[in-house]
Structure formats: structure tokens, C-alpha cells
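Each chain is listed here by its residues.
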Amino acid sequence: MLRFLIPIVVLLAALITLVLLDRGSDDAEFVIASENEVFTLDPQRMSWLTDMRMAYALFEGLVRWNTDDFSIEPAVATSWTTSPDGLTWRFELDESARWSDGSPVTAHDFVWSWKRLLSPDTAADYSGLLFDVLGAREFWDWRNDALASFDPSNRSAESLMDQTDSVFAETVGIRAIGDHTLEVELAQPVPYLLDLLAFAPLLPVHRPTVEGWILHIEDQEVLRQNGWDAVDPPAWEDRQFASISPETGRLTSKHSWARPELMISNGPYILDEWRYRRDLRLAQNPNARSHRPGSPRSILIRSYPDPNTALLAFDRGDLDWLTGVSADVRRDLLDAADEGGRDDERLVRSIHAVPAYGTDFFSFNCRPELSSGANNPFHNPLVRRAFALATDKQAIVDHVTGLREPIASVLTPQDAIVGYEPPDGLGFDPVMAVAELASAGWTRNTSGELIDESGRPFPPVELLYTTSSARHRRIAAALRSQWQQLLGIDVHLVGKDSKAFSVDLRAGNFMIARGRWYGDWGDPTTFLELFRSTDGNNDRGFNNPDIDARLDTAKHESDTATRMRQLRSIEHDIFNLHMPLLPICQIVEVTMHDPADTSGMTSHPRLIQYLGDVTCLREEP
Amino acid sequence: MTGMRRLIVMRLVQVPFILLAVYTITFTLAWLIPGNPLEKDEGRRPPEAIATAMQAQWNLDDPWSFYWSYLGDITGVNWLLGDQTGPVIDFGPSLRHENWTVGDIISDQLPVSMTVGLSAILLALLIGITMGTLGGLRPGSWTDRITGSVSIIGVSIPAFVIGTALLMLGGVWLQWLPIGGWGSWKHILLPSLALSLPFAAWIARLARQGVIEVMHADFIRAVRAKGVSQQVVVVRHVLPNALLPVLSYLGPATAAALTGSFVIEKVFAIPGLGMHFVDAVLGKDLTMIMGVVLVYSAMLVLLNLAVDVMYAWVDPRIQLNGH
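Note that the structure is a prediction, hence the values are computed from the model and not measured.

## Here we look at the overall build of chain A
Consideration 1: When its secondary structure is counted, chain A shows 19 helices and 22 strands.
Consideration 2: Rg of the C-alpha trace for chain A: 27 Å, near the compact-globule value of 25 Å for 621 residues, within the 12% margin.
Consideration 3: With respect to the principal axes defined by its C-alpha atoms, chain A has extents near 90 × 75 × 55 Å.
Consideration 4: Counting every position in chain A, which comprises 621 residues, the buried fraction comes to 58%.
Consideration 5: Taking the intrachain contacts of chain A between residues at least 6 apart in sequence as the baseline, contacts between residues at least 24 apart amount to 68%.
Consideration 6: Accessible area for chain A stands at about 24,600 Å²; split by element, carbon and sulfur atoms hold 50% of it.

In C-alpha cells form, the structure reads like this:
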């Protein structure tokens, strides 16, 4: 029998060792839980809302938003001036701004970080954000061409990098004038420039950290006193996280600087702990310019992949703020919040459904032919209009999603952009839908079949959706039954996992496909540029020279009111005449926080929450 | 013990070949997942030129070159031939979570999965052997029926139901234990109990069967005839023989428990590898998939070897001759 105990003792010993080796988690004043995890903490590389929330806590940009109305407030830039033509902007930086290591935040930090965003080597999703800066687009193209045609036998990768630096300095309108003045020169006026400058990808990063500089002690001291610009950058061999590939000429970066032991930031918080999927802990940055009174001294972000567990944890008071509450859990609580009659008052008063800065929609494939080579009935805008008119969106938000989202007839959400009132698109009109199909040439023959003039039947419609969430499947199924019933057209659902879905979407291998778009900056162009034929996210293959030309006209219009009118008329025509995509509803974000415990939470559709603005009213347990 | 030594050497020689086969098969399957791991599922996309260049940078445009260069990284060959900076065995950065290397993630999360797995196995042994022995000593009795039903429930109720029920019980009603997360011994109890139940049920059935068989064996009758007490009979003579099947089940069970359970990790919000692996497959995070599969394969091979050795040692009747 003793021998039997040996394996058990071995297992037990292993277990005890593991438990003893594990470092526990510290508590924090403010605990956030999210279903989504943080992908990256590198501002120039991020594109998710969850990641950006972290970026706003860790880094501070030139300006920031007042999250009540999304007007602009000064941040690192204390003041700014604009030239009369609106092309040259000058920002005066707060001379007392410091990185968390005590070194000064200078204009060079912004120039370098923005160059990083603008370099093809960084492969930022938002590299196009600054393309309206003088010479920026040209710089991007130039570097891309130089990399594509790079021949290591002709020149060294380092000389190309040196040339890149000088091309940027000479041609791109982003300049440091001294240490504390930043000048931005635009190619054309950008009325929403300040809004862009508050956006996460334009936050500054600390170059010596990002590149992993290995410096001599005396240089380290100079850097701490005067900023990295005051020392010579070390040779490429002495940069831990950046190197130039001798074969491709490309700057290759390791991203492991975004870790607690290494990261230097200039925002209200520093990264105190980050264990993947376990805990991300922020502590107040002692070198921050200022802290709001009452803002949490420490913040813990925990990941709860299961929505039920997260809700239980919130219910018990383990969490202060739960973001992204999931579909099936939230419906009954929201009903209770509307109707009352639930005994758990705290849960009910804690749930908040906030319309977000984004829209759920379905894309029509607008190309003349499908990827199979067959004729595409949706090439005809009348057919697209017919499908839109035959969609009862109210029924979908009332009975299918159950969240009662505001239904949408255009892409730009309501009440989200100051000075822009989105136009009305097509409503629900089954009679007109059938008429529309008829004017597109699709009529019923004696046996009730829908045929065109040459007698060919309407092909069965394939509706592509992602299987990642039940919500998408339910909406797709509702659309199928509405269209089959009202238009008499056969609709097949094609569900794919998100990777396979994006492959099909890219290749135009669909007839109708689900989609979702969040706006980035506070201007209608963040939605409307999607309809430019050359836009990288134009999955629909929508190509309308008139819309392209009018978008250009609006881009060069300097009078704000006129410009907004132009944009409104573009959006009106897109969603009344062309209908390249069928908006369903504004996205609703469901979050939980108890107003009795927490204040300072934004309820503006843009949903950007500065964590330093939060105040915990709860007594420490 | 020459037989055993030979067995160990033979098995250890096989390990690299097994791992190479695992690497090749996993790589082929993972490569066939559609899509580009560097691309996000939704939202703004970088220009096409960028996407292509990034694919090239990670060798994602050429399976052959990815296969060989990654093989060089994880075997340490590239380290030997290169400038010998960085880790010897380099699983590379995660393609989807770029701030992390696969090595970081595995070394952070494998211990968590192992903690839950080991405590689940220990709990399963405790629960399973107790129930099986009680049932097997009096087959057909009430005790037997109760333990039998409990083990059927353990096998048949899905983990997410048991998990949520345990959370409700321990965390919400009794308020004794935390709801999800990781960081102290209190976090371990509920998930390991939930994970242990199916294993406990199997062990109970194996133990019960073993006890019933051994109780009818001639040598037990002989021992009893000597007047040895029931307790001593059971502990000294019945269990060591009856539990041999449990021991051989212990190898695969430990491996299965250690590899982490996607469902348990999700329900209890445990930062273990099981959940991450599922995400890696869905997101086609090639380096992550390869890293996790290889580490687990190596663990599995070694665990099986350990069980074989242990088996021979516990029961000297078993001859080990390398087969």
C-alpha cells in the first residue's frame, strides 16, 4: 500500500510547490472586469476600444476630451494657435510634463511617435490618420516604395533608414521648434484636427523604452535631465527592441517593452503589473502632471471570459465596473430596469445600456459579378433598395436582439457629433420594396417565380454572418424570414468563423454580409470615408465617382457649416439612392457600475472613459 | 531492473521523433486554418501593402520557410548558429498578442493549469477511491447505489453546469469563496472540484470493479481464514491489487487534467492555458498553437513514461522489457 502512496505524494508535492511559487494578486481601489482582454498597450499599434482605454490611462496626448460633450481640453499642450488659412498649427507644451522616469516630455517625443505611426514599418492600422499632414502621405508612399525596391546588394539597410529620417524631417509637416513647441503643417484644413490629436494612436511613446536603448551611465543622466533628444541614439546593436533587417531594409520591432518592468509612460497611471489574462494593474504615476482629486490610486483590470461569472462577481461586490456585458445575461436585467419588479435593486440600478458610436449593418456586394463569375443582382441599386425597404428593423431590435437599440437608416449614429444631424434613410415599406424590385426588372411569372426580362430566376441569396456570437445568427435568421416573406426570395444563411469570414469578405465572396463599424474621430467622415471607392475598408466594392468627387469637395471645404451640409447630403444620397449597405441599428454597449459607488463615468456615445476621471465613493472594505 | 532501464532509454530516444511528428502534423493543420493571424476580425484594416509586408516579416507567406525557421527556433539550432542572444528555445512572439512571447505566456499560465489539474486529480483520487471502495465492498447495497448514482452524475453533467452551480453555492450563497479569478488557495478549490468530478467518477467505477474482483479472489479468502480483521484485509491486501487499474488510468487522466479545461477555465475566469489555446486556434496564432502543443506533447510523453515505470514498480509481476 505504501508504494501506492508514492505517486500521490509526488503529485501533492508538485501541487504545493506550484501554489507556493505563485505570486498572488494585489487588491486595487477600482476594479474593472471585461470580457475582452487587452491585446496591446502600444498606442500606435492598437485599434480596440479596450486597448485604447488603457492607453488613455498610461499616456497623455497633446489634448484630451471633456467626456461629457467631447469638446477639447488642453493636456500636454497648454495652448495652441492656428494660422488664418487653418493650415499651420502651433502647440506650446507644458514644460513641467514628465515621463514616469522623470525625464521631460518634449516636442521631440510627439514628432518621433507620429513618425512611428506614419512609418509603414510600424504597420499601424491607423497609419492613415495623419495623411492630411503636409507630405505625410507622400512620405508613407515613398518609404513603402523604397522598401519594396530595396536591394541589399546595392545599399545598406542602415543608409536607407538614415535617408528615411532625413526625408521625414525635410518633407513632413511635423516639426519640433525647440523642446516645447510643436508645429503641424497641414496639406488641407482638417476641421477635426484637435479631435484626432486626442485619439490613442497619436499619444506619445518614450523612444528609449520602445527601442530598448542601452546607454552609458552618464548618458542616462543626461537623458533624465534633458530628454532623449539630448543624447546620441545608441548604435543599432545597442537597441534591444529595434533592429533593421539587412535583407528587407525594414525596421523590425520587438514589442516586449510594453511590460511592467520596462514601460515608461507619461499619463496619470503607470503599468504596475501585467500578467496575461490574469490581472493588469495600474498605479498612479508619481510624475504625472496632475491627478484629479478622488481618482483611484490603483486600478485592477481582470478578465472574465464568462459573462455569467462576471455578473456573479459584480453582484457580490467584487467589481466596480463591468464592461461589455453579454447578450443573454443582460436582457432580463434590462427588462427589470425598465419594468421594475425585481428584488435586487443594486443590480438593476447598476445596469446601463448606452448607445455607442457605431452601427450594425449588412453589406451588399456591389460588384457587377459575384466571385463565382455569376451576375450579381445586387449590382443594381434598385435591388439593394428593395431589400432595405423590406427590412423591419424595429421588429429586430424589439424581438431578436432584445436590447431595443435605436434603429438606424444611415451609418452615422444620432446625437454623437456636434453640428451634424444625420439624414433619414429608407424606412420599412414592403409595398414599395416589391415595386422597387419590379422597376429593377424582377417580376413574377404565372407560377409565382421571380424572373428578369430574359426569364432567368432571381438567384438564391446567400447571407454571410459570423458564428462568433448568437446575436449575429439571430439577426441573420430574422432577415432571412423577413425577405422570404416580403420579397418571396430564397435566402440561405452561411455562417463562418471570423477568420474564414474575413477571408470571404476581403475577396468579395459574398452577396450580403454582416458588418459593424465604430467611428474613430468626431466627424462624419469617420463613417462616410468608408464609401470612397479607394478606401481600404470598402468591402462592398462600392464604386461611385459622384460620391468620391463630393467627398473630395467636402474635404477641401473650409467653412464648417457648409461642409457639414455637404456631408449630410452625401450621406442622404448614399442611403436613399445607392444603399451599398443596410444599417440595422446603433450599437448599444451594456455596462454595469453602481452609481452609488462610482461617479465620473461617461455616457456619451463615444464611450471613451478616462480612468483618472473616475471617483470611487465606496468605503474601503 | 535492466528491463526498466532499457524501457526508459528506449522511450527517451523516441521523444524527439514523436515531437517532430507532432510538430509537423500540428503545423500542417494550423496552416490550413483560413485567414491571416495578423489581421483583426473587425475594425479598420491597414493598407494592403502593409499586410503583405508583415506577412513576409513573419514568414507567413511561405509555409516551407516558416516550418524550418520555426523548427530552428524551438530546437535551439538557430540560437546555436546565431548570435546566442535571447532564449535558447524560442517559441517566438505571439502573433496576436504582440507584447507577449509564447514562452512568457506558457511559463505564466502552465503553472496555473497544472495547479488546477493536480489538485483535481488528487481530489478525484480521494473521492473516487473512497466511493469505489465503499461500493465495491458491499455490491448492491444502498451505499453502492448512492455512490454509483453520484458517479453517473459526475460523468454526465457538463462542466459548465457543475462549475456555475459550485460558484452559486460557494461564492454567492455561502460567500466563502471568491467568484472566479486567481491568486490564493481559495481560488483553487471550486475549479478543481468541478474539474475533478468526471475523473472521480471514473476512478470510482474502476476501484469498485477492482475491489469486487479482488474480494472474490482465493488469497483474500485465505487471509480471512487466518482471522485478519476486515480493515487490514481491505487496506493491506484488497486495495493494492484492486487499484492497479486506477494507477494505469492515472497517467492519461493526469495529462488530461493538466492540459487544462477550456470550460472550467472560462467559467472560473482562471488564467490557464486551456482557454488560451482555444483562442489561439480560432485566431490562427501559429506560434502560440505550436508552442502549446509541443509543450503539452512533451509533458504527455514523459507522464506516460512515468506511469509505466511506476506501474512496474508498484506491481513487480509486470515485466518490463522495452515493449
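## Overview of the interface of chain A and chain B
Consideration 1: Taken together, the contact pairs 68 residues of chain A with 70 residues of chain B.
Consideration 2: Where chain A abuts chain B, roughly 6,500 Å² becomes buried across the two surfaces, and 61% of that area is made up of carbon and sulfur atoms.
Consideration 3: A per-residue breakdown of the area chain A buries against chain B is headed by A:Phe4, A:Tyr276 and A:Lys499, which together make up 13% of the total.
Consideration 4: Taken together, chain A and chain B are joined by four salt bridges.
Consideration 5: A salt bridge links B:Asp279 to A:Arg277; the nearest nitrogen and oxygen atoms lie 2.2 Å apart.
Consideration 6: Remark: the boundary between chain A and chain B carries 18 residue pairs in polar contact (both at pLDDT 80 or more).
Consideration 7: The set of elements that each furnish at least two residues to the side of chain A that touches chain B consists of helix H1 (2–21), helix H4 (136–148), strand E10 (269–275), strand E12 (298–303), helix H9 (307–315), helix H16 (498–507) and strand E19 (512–518) of chain A.
Consideration 8: At 11 residues, the largest contribution of residues to the side of chain A that touches chain B is made by H1(A).

## A closer look at the side chain of A:Ser103
Residues and elements named next belong to chain A.
Consideration 1: Following the sequence through the fold, Ser103 ends up in the loop between strand E5 (88–93) and helix H3 (107–118).
Consideration 2: Its relative accessible area of 1% is what places Ser103 among the buried residues.
Consideration 3: Separated by 2.8 Å, the side chains of Ser103 and Asp101 make a polar contact.

## Notes on the sheet that holds strand E11 (residues 279–284) of chain A
Residue and element names in this part refer to chain A.
Consideration 1: In space, the 10 strands of this open sheet follow the order E10-E11-E12-E1-E13-E20-E14-E19-E17-E18, with mixed pairing throughout. Edge positions in the sheet fall to E10 and strand E18 (491–496), since each of these pairs with one other strand and no more. Neighbour-to-neighbour, the strand axes of the sheet open up by a mean angle of 25 degrees, direction not taken into account.
Consideration 2: In terms of strand pairing, strand E1 (residues 30–34) meets E12 through five bridges, oriented parallel.

## Points about the sheet that holds E5(A)
Residue and element names in this part refer to chain A.
Consideration 1: Spatially, the four strands line up as an open sheet ordered E4-E5-E7-E6, and their pairing is antiparallel. For this open sheet the edge positions go to strand E4 (77–82) and strand E6 (174–176), each flanked by a neighbour on one side alone. Neighbour-to-neighbour, the strand axes of this sheet turn through a mean angle of 20 degrees, independent of strand direction.
Consideration 2: The sheet contact formed by E5 and strand E7 (residues 181–185) spans five bridges and is antiparallel. Residue pairing in the sheet places Phe91 in a bridge with Leu182 of E7.
Consideration 3: Here H3 sits on the sheet in contact with E5, E6 and E7, set at roughly 155 degrees to E6.

## Some details on the domain arrangement of chain A
Residue and element names in this part refer to chain A.
Consideration 1: Looking at the assigned domains, one finds that chain A contains domain 1 (2–41 + 263–354 + 589–616), domain 2 (60–250) and domain 3 (357–588).
Consideration 2: If you average the C-alpha positions of domain 1 and of domain 3, the two centres end up 37 Å apart.
Consideration 3: Taken together, the 13 residues of domain 1 in the interface contact 15 residues of domain 3.
Consideration 4: Interface area, domain 1 with domain 3, both sides summed: about 1,100 Å², of which 44% is carbon and sulfur.
Consideration 5: When residues of domain 1 are sorted by the area they lose upon contact with domain 3, Arg331, Pro605 and Arg606 head the list and together hold 45% of the total.
Consideration 6: Connecting domain 1 to domain 3 are zero salt bridges.
Consideration 7: Where the side of domain 1 that touches domain 3 is concerned, the elements lending two or more residues are helix H10 (327–339), strand E14 (351–364) and strand E20 (581–593).
Consideration 8: In terms of residues, the side of domain 1 that touches domain 3 owes the most to one element, H10, which gives six residues.
Consideration 9: Here the residues of the side of domain 1 that touches domain 3 sort into five nonpolar, one polar and seven charged.

## Things to note about the pattern of salt bridges
Residue and element names in this part refer to chain A.
Consideration 1: This structure, assessed with the given rule, holds 43 salt bridges over all chains.
Consideration 2: One salt bridge connects Asp272 with Arg281, and the closest N-O pair in it is separated by 2.6 Å.
Consideration 3: Under the relative-accessibility criterion, Asp272 is labelled partly exposed at 36%.
Consideration 4: Taken together, the shared-partner salt bridges connect Arg64, Glu73, Arg292 and Asp613 into one network.

## Quick notes on unusual backbone geometry
All names here are of chain A.
Consideration 1: Its identity as a non-glycine residue notwithstanding, Phe70 has a phi of 60 degrees, on the positive side.
Consideration 2: Structurally, Phe70 is set in the loop between strand E2 (63–66) and strand E3 (71–74).
Consideration 3: Its relative accessible area of 8% is what places Phe70 among the buried residues.
Consideration 4: Even without being glycine, Arg404 reaches a positive phi, approximately 50 degrees.

## Side note on helix H14 (residues 430–439) of chain A
All names here are of chain A.
Consideration 1: Of all the positions in H14, only Ala433, Glu436 and Leu437 are classed as buried. Each buried residue of H14 sits inside an arc of 100 degrees when the element is viewed along its axis, so together they form one side.
Consideration 2: Buried residues in H14 make contact with helix H12 (381–389), strand E16 (450–451) and helix H15 (470–487).
Consideration 3: Looking one or two places after H14, you find Gly441, whose phi comes out positive at around 100 degrees.

## Observations regarding the confidence of the model for chain B
If pLDDT is low for a region, its predicted coordinates should not be looked at in detail.
Consideration 1: In this model, chain B carries a mean pLDDT of 85, and residues with pLDDT of at least 70 account for 97%.
Consideration 2: Across the interfaces of the predicted complex, the ipTM metric reaches 0.86, alongside a pTM of 0.90.

## What about the environment of B:Leu110?
Residues and elements named next belong to chain B.
Consideration 1: Relative to the assigned elements, Leu110 resides in helix H5 (residues 102–137).
Consideration 2: Look at Leu110 and you get buried, because its relative accessible area is 12%.
Consideration 3: With 179 residues separating them in the primary sequence, Leu110 and Ile289 have C-alpha atoms 14 Å apart.
Consideration 4: Apart from residues no more than four positions distant in its own chain, Leu110 is found in contact with Ile105, Leu273, Val295, Tyr296 and Met299.

## Section: a negative patch on the surface
Consideration 1: Side chains of A:Glu92, A:Glu95, A:Asp179 and A:Asp229 sit close together on the surface and give a patch of like negative charge.
Consideration 2: What makes A:Glu92 partly exposed here is its relative accessible area of 32%.

Conventions adopted
- Residues numbered from 1 in each chain as written.
- Chains lettered and ligands numbered in written order.
- Predicted model: local features only at pLDDT ≥ 70, side-chain atom pairs only at ≥ 80, totals over all residues.
- Heavy atoms only, no water.
- Helix = DSSP H or I, 4+ residues; strand = E, 2+ residues; numbered from the N terminus.
- Rg over C-alpha atoms; globule rule 2.2 N^0.38 Å.
- Buried < 20%, exposed > 50% of the residue type's maximum accessible area, 1.4 Å probe, protein only.
- Contact = heavy atoms within 4.5 Å.
- Areas by Shrake-Rupley, 256 points an atom, 1.4 Å probe, with all protein chains shown as cover.
- Buried area = accessible area lost by both parts, 1.4 Å probe.
- Salt bridge = Lys/Arg side-chain N within 4 Å of Asp/Glu carboxyl O.
- Polar contact = N/O pair within 3.5 Å; in protein donor to acceptor, adjacent residues only side chain to side chain.
- Pairing = 2+ DSSP bridges.
- Axes fitted to C-alpha atoms, helices over the stretch in contact; angles between N-to-C directions.
- Domains from an automatic or database assignment.
- Nonpolar A, V, L, I, M, F, W, Y, C, P; charged D, E, K, R; others polar.
- Arc of directions from axis to C-beta.
- pLDDT = per-residue confidence, 0-100.
- Patch = residues over 30% accessible without salt bridge, like charges linked within 9 Å, V, L, I, M, F, W, Y side chains within 5 Å.
- Lys, Arg positive; Asp, Glu negative; His and termini not counted.
- Charge placed at Lys NZ, Arg CZ, Asp CG, Glu CD.

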